[in-house]
Structure formats: structure tokens, C-alpha cells
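# Inside the fold
In case you want the letters, here they are:
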Amino acid sequence: MSEKKDPGVWEGFKAFLMRGNVVDLAVAVVIGAAFTNIVNAVVKGIINPLVGAIGTKNLDHYSSCLSSKCEGEQGITILWGSVLGATLSFVITAAVVYFLMVLPMAKYLARVEARRKAKEGAHEVIEVTELEVLKEIRDALVAQRGSGHDER
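Residues numbered from 1 in each chain as written. Predicted model: local features only at pLDDT ≥ 70, side-chain atom pairs only at ≥ 80, totals over all residues. Heavy atoms only, no water.

The helix and strand tally for the protein stands at three helices and two strands. Starting at the N terminus, the α and β elements of the protein follow one another as α-α-β-β-α. Summarising the internal contacts of the protein: among those between residues at least 6 apart in sequence, 29% fall at separations of at least 24. Put simply, the protein shows about 13,100 Å² of open surface, and 65% of that area lies on carbon and sulfur atoms. (Helix = DSSP H or I, 4+ residues; strand = E, 2+ residues; numbered from the N terminus. Contact = heavy atoms within 4.5 Å. Areas by Shrake-Rupley, 256 points an atom, 1.4 Å probe, with all protein chains shown as cover.)

Now the structure itself:
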């Protein structure tokens, strides 16, 4: 009786790590972390000063008080400026990712697909043409044999 071994946990983990998706995900996380610094710098250096032209340069200072008195630890304070800053960071990140990464990649992939389809179409035309030529040769050979047999 031969015993069939199930793959071990280590082999399964190794196979999981070697998948392309895991490597792609790791690269995306590293690039995303680096890109976060760029977006934060844009928000801090450009967006916040533009908003600061209206009020304060630091969006965290924008807040509203829900109770009658908001001093120190007393009262209920809504820090909507922090939410606005985070929202601006998200919108800028999404716009940059879309316009500088997603859109160009989609256009590139569409061009590659169009080229592939054009090649397949040309290949099919060539195959059909070759098939027609071979049929004509066959018919000519059959006609020659037929006419040769009739003359004898």
C-alpha cells in the first residue's frame, strides 16, 4: 500500500507566496506608502496654503462646537477640518492614480489588444488564402489525372 502525502503547510505557504498576485500586492503596498508621502506634501504645501488664504493654514484648526461652551476638555467639538484634509488627500491620490496610472495603462492595454486582434485577423486571412490555393492545386491535379486517363 502506497501512502499519498498531502502537501504540507510549508509547501502551501511557499506556493501562496510565489503567486504573481502576492508579489504584485506587495509592490503596490510599497509604492502606495511612498506615494502617500508625496500626496501629504502636496496637501501640506499647496492645498493647505490655498485654504489658508480663506482662514488658517492648518485644516485641523477648523472645528465647530456643538455645546454651549467649548473650552479645554469641556463641550463637544467636531473637527471637520481634519476630515476635510483627509478627504482632499484621498481625492488628490485618487485623481493622480487614475490620470497617471490607470488611464494610460488602460489605453496601452487597448492598443495591445487591438494589435493582437489585427494580427489574428491577418493570420486568418493568410490561412484561408493558403487553403484556397491548396484546393485549387488539388482540383488542377485531379483535372490533369482525369484528362490523362481519358486520352489513353
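This part covers the pattern of salt bridges. For the structure shown, the criterion picks out three salt bridges. The shortest N-O distance in the salt bridge between R116 and E113 comes to 2.3 Å. Of this pair, R116 and E113 both sit in helix α3 (residues 80-151), three residues apart, roughly one helical turn. In this structure E113 comes out as partly exposed when scored by relative accessible area, which is 32%. Note that R138 is salt-bridged to D139, the shortest N-O span being 3.1 Å. The partly exposed category is assigned to R138, whose relative accessible area is 48%. (Salt bridge = Lys/Arg side-chain N within 4 Å of Asp/Glu carboxyl O. Buried < 20%, exposed > 50% of the residue type's maximum accessible area, 1.4 Å probe, protein only.)

Moving on to the packing of aromatic side chains. One pass over the full model with this rule turns up three aromatic pairs. Aromatic side chains Y62 and W80 sit 5.3 Å apart centroid to centroid with 35° between the ring planes, which places their arrangement in the tilted category. Separated by 18 residues along the polypeptide, Y62 in the loop between α2 (20-52) and β1 (64-65) and W80 in helix α3 bring together distant segments of the chain. According to the relative accessible area criterion, Y62 is buried, its value standing at 17%. With relative accessibility at 38%, the residue W80 sits in the partly exposed group. Relative to F99, the ring of Y98 lies with its centre 5.1 Å away and its plane at 80°, an arrangement referred to as edge-to-face. The class for Y98 is partly exposed, based on a relative accessible area of 39%. According to the relative accessible area criterion, F99 is exposed, its value standing at 53%. (Phe/Tyr/Trp six-rings, centres within 6.5 Å; stacked < 30°, edge-to-face > 60°.)

Here the focus is the nonpolar core. In summary, soluble globular proteins display a tendency toward joint burial of nonpolar side chains. Core analysis: the largest hydrophobic core is formed by eight residues, namely F35, V39, V43, I47, V51, L59, Y62 and I92. Of all the elements, α2 adds the most residues to this core, at five residues. (Core = buried A, V, L, I, M, F, W, Y, C linked by side-chain atoms within 4.5 Å.)

Okay, a nonpolar patch on the surface next. On the surface, V23, V27, I31, Y98, F99, L100, M101 and V102 cluster together into a nonpolar patch covering about 780 Å² of accessible area. For the nonpolar patch, the secondary structure elements donating two or more residues are α2 and α3. Of all the elements, α3 adds the most residues to the nonpolar patch, at five residues. Structurally, the position occupied by M101 is in helix α3. (Patch = residues over 30% accessible without salt bridge, like charges linked within 9 Å, V, L, I, M, F, W, Y side chains within 5 Å.)

Before going further, it helps to spend a moment on the confidence of the model for the protein. Mean pLDDT over the protein stands at 78; residues scoring 70 or higher make up 86%. Per-residue pLDDT, averaged within each element of the protein, yields its smallest value for α2 (79) and its largest for strand β2 (residues 77-78) (83). (pLDDT = per-residue confidence, 0-100.)

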